[in-house]
Amino acid sequence: MFAHVASVERANDRGAELQRIHFTGEDLARVKVSATLGMGAETVFAMESLGRTRTGGFFGIWRDRVSERLGRRAGRIERMAQVLRPVPDLLWLVDGGFKADERALGRAGLSREEVVETAQGFARVAVSPYWRQVRGYLETVRDVRGRLAMTGGVERLLGTLHPRVRWRSNVLEIPHEREIDVHLGGRGLLLAPSLFLHDNAAAVLIGAEWTESSPILVFAAPPVTAAASAAAAFWDVTERGEQALGALVGRTRAAVLQELVESATTGELAERLNISSASISQHTSVLREAGLITSRRNRNTVQHSVTPLGTALLEYTTYQFMEAAAGE
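Only a predicted model underlies this, so the values are computations on that prediction, with no experimental measurement involved. (Residues numbered from 1 in each chain as written. Predicted model: local features only at pLDDT ≥ 70, side-chain atom pairs only at ≥ 80, totals over all residues. Heavy atoms only, no water.)

J.: I'd like a rundown of the packing of helix H12 (residues 251-259) against helix H13 (residues 266-273), residues and numbers included.
T.: It is the contact of H12 with H13, at a shortest axis distance of 11 Å, that shows an interaxial angle of 120°. When you trace H12 past H13, the crossing you get is right-handed. Side by side, H12 and H13 meet where Ala255, Val256 and Glu259 of the first sit next to Leu269, Arg272 and Leu273 of the second. Looking at the contact of H12 with H13 residue by residue, the classes come out as four nonpolar, no polar and two charged. (Axes fitted to C-alpha atoms, helices over the stretch in contact; angles between N-to-C directions. Helix = DSSP H or I, 4+ residues; strand = E, 2+ residues; numbered from the N terminus. Left-handed = near helix turned anticlockwise from the far one by under 90°. Contact = heavy atoms within 4.5 Å. Nonpolar A, V, L, I, M, F, W, Y, C, P; charged D, E, K, R; others polar.)

J.: Residue-level account of unusual backbone geometry, with values.
T.: Unusually for a residue other than glycine, Ser169 sits at a positive phi of about 50°. Checked against the element boundaries, Ser169 lands in the loop between strand S3 (166-168) and strand S4 (171-175). For Asn274, which is not a glycine, the phi torsion comes out positive at approximately 60°. Position of Asn274 relative to the elements: it lies in the loop between H13 and helix H14 (277-289).

J.: Account for the sheet that holds strand S11 (residues 301-306), with residues named and values stated.
T.: Strand order in the open sheet formed by three strands is S9-S11-S10, and the pairing between neighbours is antiparallel. With one partner strand each, in any of the chains shown, strand S9 (264-265) and strand S10 (293-298) form the two edges of the open sheet. Bridge count between S9 and S11: two bridges; the pairing is antiparallel. Along S11, the bridge assignment pairs Ala264 with His304. (Pairing = 2+ DSSP bridges.)

J.: Now, about the environment of Glu78: what can you tell me, with residues and values included?
T.: In this structure, Glu78 sits in helix H5 (residues 74-83). Along the backbone, Glu78 and Leu50 are 28 residues apart, and their C-alpha atoms lie at a distance of 9.8 Å.

J.: Kindly report on the pattern of salt bridges, identifying the contributing residues and their values.
T.: Inspection of every chain in the model, using the stated rule, returns five salt bridges. For Glu179, the salt bridge goes to Arg20, with nearest N and O atoms at 2.6 Å. Here Glu179, found in the loop between S4 and strand S5 (180-183), pairs with Arg20, found in strand S1 (residues 18-22); they are 159 residues apart in sequence, far enough to count as distant. Several salt bridges share partner residues, and in doing so they unite Arg166, Arg168 and Glu173 into one network. (Salt bridge = Lys/Arg side-chain N within 4 Å of Asp/Glu carboxyl O.)

J.: Give me empty space enclosed by the protein: which residues, what numbers.
T.: The final tally for this structure, using the stated rule, is one cavity of 30 Å³ or more. By volume, the largest cavity is sized at about 30 Å³. Lining the largest cavity are Thr36, Leu37, Gly38, Ala41, Glu42, Phe45, Pro193, Ser194 and Val218. When residues of the lining of the largest cavity are traced back to their parent elements, those giving at least two are helix H3 (39-50) and strand S6 (189-194). Broken down by element, the residue count for the lining of the largest cavity peaks at three residues, all from H3. Residue composition of the lining of the largest cavity, by class: five nonpolar, three polar and one charged. (1 Å grid on protein atoms, 1.4 Å probe; cavity = no way out; pocket = protein on both sides within 12 Å on 5 of 7 lines; lining within 4 Å. Points joined across faces, edges and corners; volume = space filled by probe spheres on them.)

Rendered as structure tokens:
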């Protein structure tokens, strides 16, 4: 789906091309582990994974629901995916950078603004509703990795990142599209697990060209469980939380509140939820009076954002059903 990841998989099949990351003693001392690069990075990896994830398996429920909710918007995502690499092009664009290949954007017939808008819309459907449990899972992976480093040392940590990532005599070998050597030179390395990075990619290095900060190695960390019940509990939490929230504030207002995890205008909400702007205005008025959102006028548009109280309500309803699912 993405040229970069596809070429990595072909290289891995041949067993020839590798990216070799060379460590000094100072680099080993400066290895750190983060829980996640954030929702932006997971969104980029999720866009790639959506086209590769088949029905069934841990991601089957997620894929089916996201595909249904995207509807016709899936076409633009597929068009983007054919010409833009997840790293660095999409990642720089989503995170506000300026290093994406402008020629690739031109071939896709997309502007930078259109790419960012499409990615943000995808995030609202595919990642944001599940972010609490995704982040919680990645924090657990981080904690496990941290304990592994404490008990087995950094080299043990690096040697167990992924079955297709190998540690050999101070060199970390990663499947890659071409032969390349990266010398950290004392910068160290930040490790970050990803739920949505496709397992076939194994790992991707970000910022090898940075001179004053540590590069980042994102490694695929999918759940090892194959139990359908575990997958259902993970992805169904949000669905059940939505039902609880709807019972509290009303189904449509619950949908509005969930959309405002990222700020939006009245017109944008109307388009996403397929209801009139007048109805959106009525619902946002109720939510604003309840202290769940704020609204700010900018010329001819009104921008709405969720308040800390609204965020707390969203998290509370999800948390309650995560607890219930865990106890079932």
